[in-house]
Amino acid sequence: MIRILVPLADGVEEMEAVILIDVLRRAQFEVTAAGVKAGPVTASRGVRLIPDREWAEVDRQEFDAILIPGGMEGTRRLMGDERILTRIRSQVEAGRWVGALCAGPLVLQAAGVLTGRRATCHPGVANELTATPRRSDRVVTDGRVVTSQGPGTTFEFALEMIRHLAGADRAKTVESGLLLPPGA
């Protein structure tokens, strides 16, 4: 079973969190949304999300990938949480996948894992991405680090993660059920 961890903090971009979790579950991945605090998470536009677990319950478990949805306020909270940064560093050191959307690559940068890598982020935070030049591609993969630009690229990001973790056939099967426009 492929296991994915999605950290959630108040201010997360709700579209990215929900689409990411949903698409990966359609691929039959075990996805754990972990709140960095107890209780519901209030997303960037007031939507309340109920995490599967609290961070303390999953902190020592192993996951095939840790994926960070964006949302500026949520990103700032994750960037300031040493538990998250330490976990991302150990994930990369172990040769496992990490990824981030929108402003989320700033969390990867704060963890020190973007230096010398190709990456992208939301254009609105491009000036804060200082570890590497921002690429204009919608999704960028460099080794086992995947980044994407924002809410509109979340399906592409999730399908890219499925390709990397479970192969092109599973990604194609999931994609066909989503009825995305051609080329999406």
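My aim in this report is to walk through the structure given alongside it, one point at a time. Here the structure is a predicted model, which means the values were calculated and not measured.

1. Focus on the sheet that holds strand β7 (residues 97-101)
Taken in spatial order, the seven strands make up an open sheet running β5-β2-β1-β6-β7-β9-β8, and their pairing is mixed. In this open sheet, the two strands that pair with only one neighbour each are β5 (53-54) and β8 (139-142). Note that β8 and strand β9 (residues 145-148) share four bridges and pair antiparallel. Bridging from a neighbouring strand, Val140 pairs with Thr147 of β9.

2. Comments concerning the packing of aromatic side chains
According to the stated counting rule, one finds zero aromatic pairs in the structure shown. Across from the ring centre of Phe63, 4.5 Å away, lies the NZ or CZ of Arg3, which sits over that ring.

3. As for unusual backbone geometry
The backbone phi angle of Cys102 is positive, close to 60°, even though this residue is not glycine. For Cys102, a relative accessible area of 10% translates into the label buried. The backbone of Leu179 shows a phi angle near 55°, a positive value even though the residue is not glycine. By the secondary structure assignment, Leu179 is in the segment after α7 (168-178). Under the relative-accessibility criterion, Leu179 is labelled exposed at 74%.

Criteria and thresholds
Residues numbered from 1 in each chain as written. Predicted model: local features only at pLDDT ≥ 70, side-chain atom pairs only at ≥ 80, totals over all residues. Heavy atoms only, no water. Pairing = 2+ DSSP bridges. Helix = DSSP H or I, 4+ residues; strand = E, 2+ residues; numbered from the N terminus. Phe/Tyr/Trp six-rings, centres within 6.5 Å; stacked < 30°, edge-to-face > 60°. Lys NZ or Arg CZ within 6 Å of the ring centre and 35° of its normal. Buried < 20%, exposed > 50% of the residue type's maximum accessible area, 1.4 Å probe, protein only.

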